[in-house]
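Okay, here's what each chain looks like letter by letter:
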Amino acid sequence: MVNRAPLAGIITTFIFLSGFTMGFFWDSMRSNAIEQELNRLSVYSTSLLIESQLIDTTTCDAFWPILKDALGDLGDSMKTYVSYTESSVSNIDYSNLLYKKYLLSNIRYWMFTEKYKQTCGWNVSTVIFFFDDDCDGECDAMSTRLDYLKRKYDNDVLIFPINLWLAQDDPVANSLAILYNVTELPKLVIDGKVFGALELNDLEALVCSTVNCDKY
Amino acid sequence: MINGFVLMAWGIAVASIYIIVYYLLLLIEMEGEPRRRYRRQPDVTIAIPAYNEGKHVRKSLDSLLVSNYPLEKIHAVVVDDGSKDHTRKEVRKFIREHPDFDVKLLVNSKNRGKAYSLNRVLKTTTTDFMITMDADSEAHPHALSELIKYSKDVSIVTPCVLPRNRKGRIEKVQEIEYIYSNYLASLLSGFDAQTVAPGPFSLFRVVDLKNVGGFDEDSVAEDLEVVFRMRKGGHSMRLAPHAKVYTEIPIKLGGLVKQRKRWKQGFLYAVNKHPKGIAPHTEFGRQNLMNFLYIFVTLSVLFLFARGIFVVAEPALNVIRYVGFDIWPYLQSMHFSIDFLSLDIQMTLYISVVAFITSIFLYVATQFHDRRINPFDAFLFMFVYGLAISTATLLATYSWVKGDRKW
């Protein structure tokens, strides 16, 4: 007769070790997939940025569907990145590197959108949202309100979140923070103007000064 | 990041997988059942305590009437425990209608509890064996002879208890639990490690039961407490796998939680009274330790579930707090998609392992009872039912700490 209690312990340990092995394999598959996605976004956003130099009023209609799809991809990749980092067992440095890649694509998209707005007269509101992991209450409030506006006005409100804690060594993010005088968080740059925390009504009024909100 | 919740989650994961692996090993070790028979079938007393069981008591007596055990060797004693309904009337009517069947009625002047009623029968019984029978249970025609068949060398023989009523969803899920528990009991029986003699229809050797002082009238689960004392006296027990008894089970969630609370409370009471009952040098003690581990897992599951609800509800609360009740934009932009790469790997693997091993157990258990179960009910049993049991465990622990001993 076997001694059941220690044998159960050994089998349990084996199950957990197998689980860890499979978990690391899964995690590496996932980080590869996310890295590929970010590389694709990076190439695409660089390409868009170069193309933005070529925009003139006659090519606006051709660019619009491209931009719309690209912004959709950007939103999806952010969601994937967030869900990945929440459950990942990979090291934090690697996770931060992925974030920086995402951030650069994000900023390139923002620059392209600004250029498109100027050249093509697109009535879209762009919001850069500066926050970090230490800013809980106000940043949560702003994040919830911005998410609400994004859902309500769809592609007419474009939000570019920048987590300054994750982007602390990134020169582009820091330059933007200096440019817009971000000394406290949260900070919003709505169509080029800088604001602190805002109530929903004020935020919506600012967005609707650019966007034709009546159609919603 | 390591915090208390993460540690607790890992504790649950390790403990629960350890428990199911431990029981899976019983499958491998399972031994055959010895079947030494009597030359002459012994007389048996059947003690039936009844409190407000006017609706059911007749069915219980009827089930004995159709038993394949010789009727002249069955001596039923119904103890009316101060009922306020027509229990006494039903029993008297049954006695009048069946003069060839030895059925007696004892009446308690007031409600004294099940253990008191059983002890009342025990004091006067002259047979070698006594069976405790719940007044809302029905024995299969072969149940009594099967119990006797296994009683040759042991002091207690237990049956396989199955639900009598199984129409609703809650009853169907409970049926799976009964099937599962019976199979587990059959495995434990091979090692003399059973911890309870189910109230619906368990057989006791009278001399041994009298020697340990009968049933504890302070316990809310006398069928469990008595096993602790019988074990202490060196007595062994067996399960008769073909002795089936059908019992009335709760049809509402509240009733289920109340019943399970009583069972858990009874276990904690018994451990408190007999701390050596959890000493790991016997199979019985090791089994009780596993029961303790199970209590830890169920309590922790409830705690993590509550936290999970909070985590899920927090964004919704934030929306209400910061945006108000305008949910239309959320409904408009809702979409469902499954991205396998975004799955929580730890949770996915854990659930897969638990579901896989539990499914093996359930499959073998259903074969044991030759019953088919609905996969949806099995899913509810594996992933939802535990919450009701966890709630009962929490309430039982609280009551036990408070010193509450009431039914």
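Keep in mind that this is a model prediction, so the values were computed, not measured.

I'd like to hear about the overall build of chain B, residue by residue, with values.
When you go through chain B residue by residue, the secondary structure sums to 14 helices and eight strands. Taken over C-alpha atoms, the radius of gyration comes to 24 Å for chain B, in line with the 22 Å a tight globule of 407 residues would show. For chain B, the spread of C-alpha atoms along the principal axes amounts to about 75 × 45 × 40 Å. Across the 407 residues in chain B, those meeting the buried criterion constitute 53%. A separation threshold of at least 6 residues defines the contact pool for chain B, and within that pool the share at least 24 residues apart is 85%. If you average the places of the 51 positive and of the 40 negative side-chain charges in chain B, the two averages end up 4 Å apart.

Lay out the sheet that holds strand β1 (residues 125-131) of chain A with the relevant residues and their values.
Residue and element names in this part refer to chain A. An order of β2-β1-β3-β4 is seen for the four strands of this open sheet, with the pairing classed as mixed. Edge positions in the sheet fall to β2 (157-163) and β4 (193-195), since each of these pairs with one other strand and no more. On average, each strand axis in the sheet is tilted by 20° relative to the strand beside it, whichever way the strands run. Sheet topology note: the strand β3 (residues 187-190)/β4 ladder contains three bridges and is antiparallel. In the strand pairing of β4, valine 189 is matched with valine 194.

Explain helix α6 (residues 200-208) of chain A to me, using residue names and the numbers behind them.
Within α6(A), burial applies to Leu200(A), Leu203(A), Glu204(A) and Val207(A). Angularly, the buried residues of α6(A) cover 95° about the axis, an arc narrow enough to put them on a single face. Those residues of α6(A) hidden inside the fold are in contact with β1, α4 (137-153), β2 and β3 of chain A together with α10 (283-322) of chain B.

Can you tell me about empty space enclosed by the protein, naming the residues and giving the values?
Residues and elements named next belong to chain A. This structure, assessed with the given rule, holds one cavity of 30 Å³ or more. When its volume is computed, the largest cavity comes out at roughly 30 Å³. It is helix α3 (residues 92-120) that contributes the most residues to the lining of the largest cavity, three residues altogether. A per-class count over the lining of the largest cavity returns six nonpolar, one polar and no charged.

How would you sum up the interface of chain A and chain B? Please name residues and give values.
Each side of the interface is counted separately: chain A has 34 residues, and chain B has 33 residues. Carbon and sulfur atoms supply 69% of the area buried between chain A and chain B, which totals about 3000 Å² over both sides. Summed over the three residues of chain A that lose the most area to chain B, namely Arg4(A), Trp26(A) and Arg151(A), the buried surface amounts to 25% of that side. Element by element, the count of residues in the side of chain A that touches chain B is highest for helix α1 (residues 4-52) of chain A, at 17 residues.

Tell me about the sheet that holds strand β6 (residues 156-163) of chain B, residues and numbers included.
Residues and elements named next belong to chain B. Spatial strand order, β3-β2-β1-β4-β7-β6-β8-β5: eight strands in an open sheet with mixed pairing. Strands at the two margins of the open sheet, each flanked by one partner only, are β3 (102-107) and β5 (137-139). For this sheet, the mean inter-axis angle between neighbouring strands, taken without regard to orientation, is 25°.

Can you lay out the layout of surface pockets for me, pointing to particular residues and giving the numbers?
Empty space left among the atoms is revealed by rolling a probe the size of a water molecule over them. Residues and elements named next belong to chain B. Taken as a whole, the second largest pocket encloses approximately 240 Å³ of empty space. Those elements giving two or more residues to the lining of the second largest pocket turn out to be α8 (222-232) and α10. The element best represented in the lining of the second largest pocket is α8, accounting for three residues. Looking at side-chain class alone, the lining of the second largest pocket contains four nonpolar, five polar and four charged residues.

Summarise a positive patch on the surface; cite the residues concerned and give the values.
Residue and element names in this part refer to chain B. On the surface, Lys89, Arg92, Lys93 and Arg96 cluster together into a patch of positive charge. Within the secondary structure, lysine 89 is located in helix α3 (residues 87-97). Assessed through its relative accessible area of 65%, lysine 89 is described here as exposed.

Lay out the environment of Trp400(B) in plain terms, naming residues and giving numbers.
Position of Trp400(B) among the secondary structure elements: in helix α14 (residues 385-402). With 133 residues separating them along the chain, Trp400(B) and Phe267(B) place their C-alpha atoms 9.9 Å apart.

Kindly report on the confidence of the model for chain B, identifying the contributing residues and their values.
Overall, the predicted model of chain B reaches an average pLDDT of 87, with 94% of residues at or above 70. We note a pTM of 0.71 for the whole complex and an ipTM of 0.70 for its interfaces.

Calculation rules
Once a new chain begins, its residue numbering starts again from 1 and follows that chain's sequence as written. A letter from A marks each chain and a number from 1 marks each ligand, given out in the order of writing. In keeping with the predicted nature of the model, local features appear solely for residues at pLDDT of at least 70, side-chain atom pairs appear and are counted solely at 80 or more, and the whole-chain, interface and lining totals rest on all residues. Values shown for side chains rest on all heavy atoms present in the structure; no hydrogens or waters enter the calculation. A run of H or I in DSSP becomes a helix once it reaches four residues, and a run of E becomes a strand once it reaches two; helices and strands are each numbered from the N terminus. Taken over C-alpha atoms, the radius of gyration is set against a globule rule of 2.2 Å times the number of residues to the power 0.38. Note on exposure labels: buried denotes an accessible area under 20% of the residue type's maximum, exposed denotes more than 50%, and partly exposed covers the range between, all computed with a 1.4 Å probe on protein chains only. Contacts: residue pairs with any heavy atoms within 4.5 Å of one another. The charged-residue count follows a simple rule in which Lys and Arg add positive charge and Asp and Glu add negative charge, with His and chain termini not counted at all. Where a charge lies is defined by one atom per residue type, namely NZ (Lys), CZ (Arg), CG (Asp) and CD (Glu). For two strands to count as paired, DSSP must find a minimum of two bridges between them. Between N-to-C directions, angles span 0 to 180 degrees; the directions come from axes that are lines fitted to C-alpha atoms, helices contributing only their stretch in contact. In this description, the arc belongs to the directions extending from the helix axis to the C-beta atoms. Throughout, the protein atoms alone are placed on a 1 Å grid, and a set of points is a cavity if a 1.4 Å probe fits but cannot get out or a pocket if it is open with protein on both sides within 12 Å along at least five of seven lines; lining residues have an atom within 4 Å of a point. Grid points are joined across faces, edges and corners, and a volume is the space filled by probe spheres set on the points. Each residue gets one label: Ala, Val, Leu, Ile, Met, Phe, Trp, Tyr, Cys and Pro are nonpolar, Asp, Glu, Lys and Arg are charged, and the others, such as Gly, are polar. Values labelled buried area give the accessible surface lost by two parts on being combined, using a 1.4 Å probe and summing over both. Like charges within 9 Å and nonpolar side chains (Val, Leu, Ile, Met, Phe, Trp, Tyr) within 5 Å are joined into patches, using only residues over 30% in relative accessible area that form no salt bridge. Accessibility throughout is a Shrake-Rupley quantity obtained with a 1.4 Å probe, and a residue counts as covered only by protein chains that appear here. Any carboxyl oxygen of Asp or Glu that lies within 4 Å of a side-chain nitrogen of Lys or Arg is treated as forming a salt bridge with it. Per-residue confidence from the predictor is reported as pLDDT, a score between 0 and 100.

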